[in-house]
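# Secondary and tertiary structure notes
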Amino acid sequence: MKSPRESWTSRIAFILAAAGSAVGLGNIWRFPYVVGTNGGAAFVLIFLVIVLIIGYPLMVTEITLGRETNKNPIGTFKALAPDMPWWLIGAMGVLAGFVILSFYSVVSGWGIAYFFKTLDGSLASGADYEGVFFDHVESPIAPLVWHFIFMTMTVAIVGLGIVKGIGRAVKYLMPVLFILIVFLVIRGVTLSGASEGLAFYLSPDFSQITWRSWLDAAGQAFFSLSLGMGAIITYGSYLGKKDDVPSSAGWIVGLDVFIALLAGLAIFPAVFALGFAETEGPGLAFITLPAVFAEMPFGMFFGGVFFLFFSVAALTSALSLLEVVVSWLVDEKAMSRKKATIYVGLGIFILGIPASLSMGAVSLNVFGMSFFNFLDFLQETILLPVGGLLTIIFAGYVFKANRLRESANENATLFSLGKWFEYLIKYVTPVALIIILIVGFLL
Ligand code: TRP
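Only a predicted model underlies this, so the values are computations on that prediction, with no experimental measurement involved. (Residues numbered from 1 in each chain as written. Predicted model: local features only at pLDDT ≥ 70, side-chain atom pairs only at ≥ 80, totals over all residues. Heavy atoms only, no water.)

As a further point, take the overall build of the protein chain. In terms of helices and strands, the protein chain carries 18 helices and 2 strands. Taking 2.2 N^0.38 as the reference for a compact globule, 443 residues should give roughly 22 Å; the C-alpha atoms of the protein chain span a radius of gyration of 21 Å, in line with that estimate. Oriented by its inertia axes, the alpha-carbon framework of the protein chain measures out at about 60 × 50 × 45 Å. Evaluated residue by residue, the protein chain yields a buried proportion of 59% over its 443 residues. For the protein chain, contacts bridging at least 24 residues in sequence account for 82% of all contacts bridging at least 6. Put simply, the protein chain shows about 16700 Å² of open surface, and 69% of that area lies on carbon and sulfur atoms. With 24 positive and 26 negative side-chain charges, the protein chain shows a spacing of 15 Å between the two charge centroids. (Helix = DSSP H or I, 4+ residues; strand = E, 2+ residues; numbered from the N terminus. Rg over C-alpha atoms; globule rule 2.2 N^0.38 Å. Buried < 20%, exposed > 50% of the residue type's maximum accessible area, 1.4 Å probe, protein only. Contact = heavy atoms within 4.5 Å. Areas by Shrake-Rupley, 256 points an atom, 1.4 Å probe, with all protein chains shown as cover. Lys, Arg positive; Asp, Glu negative; His and termini not counted. Charge placed at Lys NZ, Arg CZ, Asp CG, Glu CD.)

Quick look at the structure:
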């Protein structure tokens, strides 16, 4: 006998879980370096524009579709459009969950390793920060051990289900996350010399913006908000019809953007105050920051706090990535949750092995990129934007925009979506996305 499908114990539990999914490495590791390499404040502004015209509408759409069917992404599209191949969007999402989590878990593992490296003094003042970073990521064994530990934690929580696993974990972890970031921001902005970093981050210089920046901002928005692959459809599917959508979506988007902005506020003043390069790229969190921490009072303590924050945020995001694949096997293939979680977790761990090794331990190239970069490229430029575009087209033209708006407004609490929302998802969002994708690729 199959047990009945679970649902969140409260609306807050859903918001915390979805915000936990959204707030992750995308905010802490990726957002600051993408801002850094794209010229600072002006890029932050276009990111906010993208969040408003693409992020929020897609967030509402995914939650509503999930709440409508109470099914995993593949089941959702099958239920709403039987006999049509739209379920392939869901299939792409399940694939994306698998792909993203494999390298996400590897990077999360680096974060846990760095938590301990901060505490044991390997990153003390004068250390060769670049050397430590490359030694770690290029070594064959240590990153895999942390990858395994991170996946084991993720599997353990997802295996316990929506109420006892994910719901309970985010209830404790999200407040911890919030306290840690406030701590780091206060430290960052009170450093002497912080003002130059604040100016870079807060006063826009539009000469730095290119067409490519719009594509980067869109890729960043999808990743950061967990959109385009059905993670939010899945979390929405554990909602009941009595639960609000428009303002919940507002909370999730708002919290995610707020934490990303705070992460920048914690990082840029420190980088500038101590004279490091803001354009460091993906190494920003692992190479520049330890150096920054080592030079400031109580730096080891703050470094430890930072990497703890990093790991906790990564964990609450990983839960949603795994849940997408697990919910599909549980709903559609009638597998038990425990079995599905363990099998999928193992599969993701295995896919993560070549990703980790391709950082330098062995040479493993696909289309001229390391396997790790190939997986990242696949999700950022194809799986998420195309998945998001197809989802919004499905909502506007197959499910129908007016029906979506009505469904989203059912039991709305704080505010309801007006007619404008239909124009947004039928014209503005898809057209903006298409232009960004085409122009971003060509120029
Ligand atoms: N949003 C998370 C982050 O910012 C990562 C993530 C979790 C994600 N679930 C997702 C990204 C689904 C894309 C799709 O780190």
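After presenting the structure, the write-up continues.
Turning next to the environment of tryptophan 146. Structurally, the position occupied by tryptophan 146 is in helix 7 (residues 142-159). For tryptophan 146, a relative accessible area of 21% corresponds to the partly exposed category. Expressed as a C-alpha distance, the spacing of tryptophan 146 and proline 82, which sit 64 residues apart in the sequence, is 43 Å.

The next point concerns a negative patch on the surface. Together, Asp128, Glu130, Asp135, Glu138 and Glu280 give the surface a local cluster of negative charge. Structurally, aspartate 128 is set in the loop between helix 5 (87-119) and helix 6 (129-138). (Patch = residues over 30% accessible without salt bridge, like charges linked within 9 Å, V, L, I, M, F, W, Y side chains within 5 Å. Salt bridge = Lys/Arg side-chain N within 4 Å of Asp/Glu carboxyl O.)

Next up on the list: the environment of glycine 109. Within the secondary structure, glycine 109 sits in helix 5. Since its relative accessible area comes to 0%, glycine 109 is described here as buried. Expressed as a C-alpha distance, the spacing of glycine 109 and phenylalanine 150, which sit 41 residues apart in the sequence, is 6.1 Å. Ignoring anything within four residues of it in the chain, the contact list for glycine 109 reads Trp146 and His147.

Structurally, threonine 288 is set in helix 13 (residues 284-294). Here threonine 288 is in contact with Val271, Phe276, Ala277, Glu280 and Gly283, once residues within four sequence places are set aside.

With that out of the way, let us pick up the site of the ligand. Not every one of the 17 residues close to the ligand is listed here, only the nearest: Ala22, Leu25, Gly26, Tyr104 and Phe223. Here a nitrogen atom of the ligand and a backbone polar atom of serine 21 are 3.2 Å apart. A distance of 3.4 Å is found between an oxygen atom of the ligand and a side-chain nitrogen or oxygen belonging to asparagine 27. Taken by itself the ligand offers 360 Å² of open surface, and the protein chains cover 100% of this. Sorting the residues of the shell around the ligand by element identifies helix 1 (11-22), helix 2 (25-37), helix 5, helix 10 (211-225) and helix 14 (299-332) as the ones contributing at least two each. (Near = heavy atom within 4 Å. Polar contact = N/O pair within 3.5 Å; in protein donor to acceptor, adjacent residues only side chain to side chain.)

Another aspect to go through is the pattern of salt bridges. Inspection of the entire model under this criterion finds 9 salt bridges. Close ionic contact of aspartate 331 with arginine 5 constitutes a salt bridge, the shortest N to O distance being 3.1 Å. Of this pair, aspartate 331 sits in helix 14 while arginine 5 sits in the segment before helix 1, and the two are 326 residues apart along the sequence. Note that arginine 337 and glutamate 323 form a salt bridge whose closest N and O atoms lie 2.9 Å from each other. On the criterion of sequence distance, the pair formed by arginine 337 in helix 15 (residues 337-357) and glutamate 323 in helix 14 is long-range, its members being 14 residues apart. What makes arginine 337 buried here is its relative accessible area of 16%. Of the residues examined, glutamate 323 reaches a relative accessible area of 0% and is grouped as buried. Salt bridges sharing partners connect three or more residues here, namely Arg405, Lys419 and Glu422.

Next up on the list: the nonpolar core. Where a protein is soluble and globular, its nonpolar side chains tend to be buried together. With 158 residues, the main nonpolar core has Trp8, Phe286 and Phe306 as its most contacted residues. With 19 residues, the single largest contributor to this core is helix 14. Not counting residues up to four positions away in its chain, the partners in contact with tryptophan 8 are Ala13, Phe14, Ala17, Ile162, Ile166, Gly167, Tyr235, Tyr238 and Leu239. (Core = buried A, V, L, I, M, F, W, Y, C linked by side-chain atoms within 4.5 Å.)

To continue, consider a positive patch on the surface. A cluster of like positive charges, contributed by Lys164, Arg168, Lys171 and Lys338, occupies part of the molecular surface. With 3 residues, helix 8 (residues 161-189) is the single largest residue contributor to the positive patch. Secondary-structure assignment places lysine 171 in helix 8.

Spanning 21 residues, helix 15 covers 30 Å between terminal C-alpha atoms, matching the ideal 30 Å at 1.5 Å per step. Here the buried face of helix 15 lies against helix 5, helix 6, helix 7, helix 8, helix 14 and helix 16 (371-398). (Expected span 1.5 Å × (residues − 1).)

Next up on the list: the packing of aromatic side chains. Within a pair of aromatic rings, the relevant descriptors are the distance that separates the centres and the angle that separates the planes. In total, this model carries 34 aromatic pairs according to the counting rule given. With 5.5 Å between their ring centres and 20° between their planes, phenylalanine 116 and tryptophan 146 make a pair best called stacked. Of the two residues, phenylalanine 116 sits in helix 5 while tryptophan 146 sits in helix 7, which places them 30 residues apart along the sequence. By relative accessible area, which is 41% here, phenylalanine 116 ends up partly exposed. Taken together, a centroid distance of 6.0 Å and an interplanar angle of 55° make the contact between phenylalanine 307 and phenylalanine 310 tilted. (Phe/Tyr/Trp six-rings, centres within 6.5 Å; stacked < 30°, edge-to-face > 60°.)

It is worth spelling out helix 13 at this point. Of all 11 residues that make up helix 13, 10 are buried, and the element is covered over most of its length. Turning to helix 13, the residues buried within the fold contact helix 2, helix 5, helix 6, helix 12 (246-273) and helix 14.

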